[in-house]
Amino acid sequence: MNGPLSVATIVVALLLAAWFFLRCALDRPPSRFDLLAMAALSALAAVLVLVAVIGLVDGSRPSDTTTFAGYLVTTVAFAPAALWLAKLEPTRWGSLILGVGAVVLPVLVLRLQQIASVTGA
C-alpha cells in the first residue's frame, strides 16, 4: 500500500486541489479540463483501490478488515461523487466542490496506508 501509486495519487490530488481552489478564488466555474482532470484522478484512485483489493486476496489482511474495506469504498467513490456534484453546480462553487474532493482523497489514501501498516499488509 506504500508504493509509488499511493504517492502519485496524493501528489496529483494535492496539485489538482490547489488548481481547483485557485479557480474558485478567481470566480471561475469548472471547465471541461477540470472535469476531465477529476475523472483522471478518479481513475487513479480506482487503480489504487484495485491494487489494495488484490493485496487483500493475496492473504495480507489488516487487523481491521471491515474498516479497511469501508475506506476502500469511500476512496473509490469520493472523487466521482465530487465530480457529479460539480457538474450539477456550474458556478465557482463547482470548482470548490472539486477542490474539496481532491483534498480529501490524500487523507483517505494516508488512512488506508495507516490501517494497512498496522499489520504489515
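Calculation notes
- Residues numbered from 1 in each chain as written.
- Predicted model: local features only at pLDDT ≥ 70, side-chain atom pairs only at ≥ 80, totals over all residues.
- Heavy atoms only, no water.
- Axes fitted to C-alpha atoms, helices over the stretch in contact; angles between N-to-C directions.
- Helix = DSSP H or I, 4+ residues; strand = E, 2+ residues; numbered from the N terminus.
- Parallel < 35°, antiparallel > 145°, perpendicular 65-115°, else oblique.
- Contact = heavy atoms within 4.5 Å.
- Nonpolar A, V, L, I, M, F, W, Y, C, P; charged D, E, K, R; others polar.
- UniProt positions renumbered as here; feature names shortened; annotations may be inferred.

In the annotation of an unreviewed UniProt entry, the protein chain is listed under the name Small-conductance mechanosensitive channel and assigned to Actinoplanes octamycinicus.

Enquirer: How should the packing of helix 2 (residues 32-57) against helix 3 (residues 65-88) be read in this particular structure?
Expert: The angle between the axes and the distance between the axes are what describe a pair of packed helices. Interaxial distance between helix 2 and helix 3 falls to 10 Å at its minimum, and their mutual angle equals 170°. Compared by their axis directions, helix 2 and helix 3 come out roughly antiparallel. Seen from helix 2, the contacting residues are Leu-35, Met-38, Ala-39, Ser-42, Ala-45, Ala-46, Val-49, Ala-52, Val-53 and Leu-56; seen from helix 3, they are Phe-68, Leu-72, Thr-75, Val-76, Ala-79, Pro-80, Ala-82, Leu-83, Ala-86 and Lys-87. Among the residues making up the contact of helix 2 with helix 3, the classes are represented as 17 nonpolar, 2 polar and 1 charged.

Enquirer: Help me out: how do you make sense of the UniProt feature "transmembrane region" (unreviewed entry) in the protein chain in this one?
Expert: The positions UniProt marks with the feature "transmembrane region" (unreviewed entry) are residues 6-26, 33-56, 68-86 and 93-112. Along residues 6-26 the backbone is 95% helical and 0% strand, and the end-to-end C-alpha distance reaches 30 Å. Between the first and last C-alpha atoms of residues 68-86 the distance is 27 Å; the span itself is 100% helix and 0% strand.

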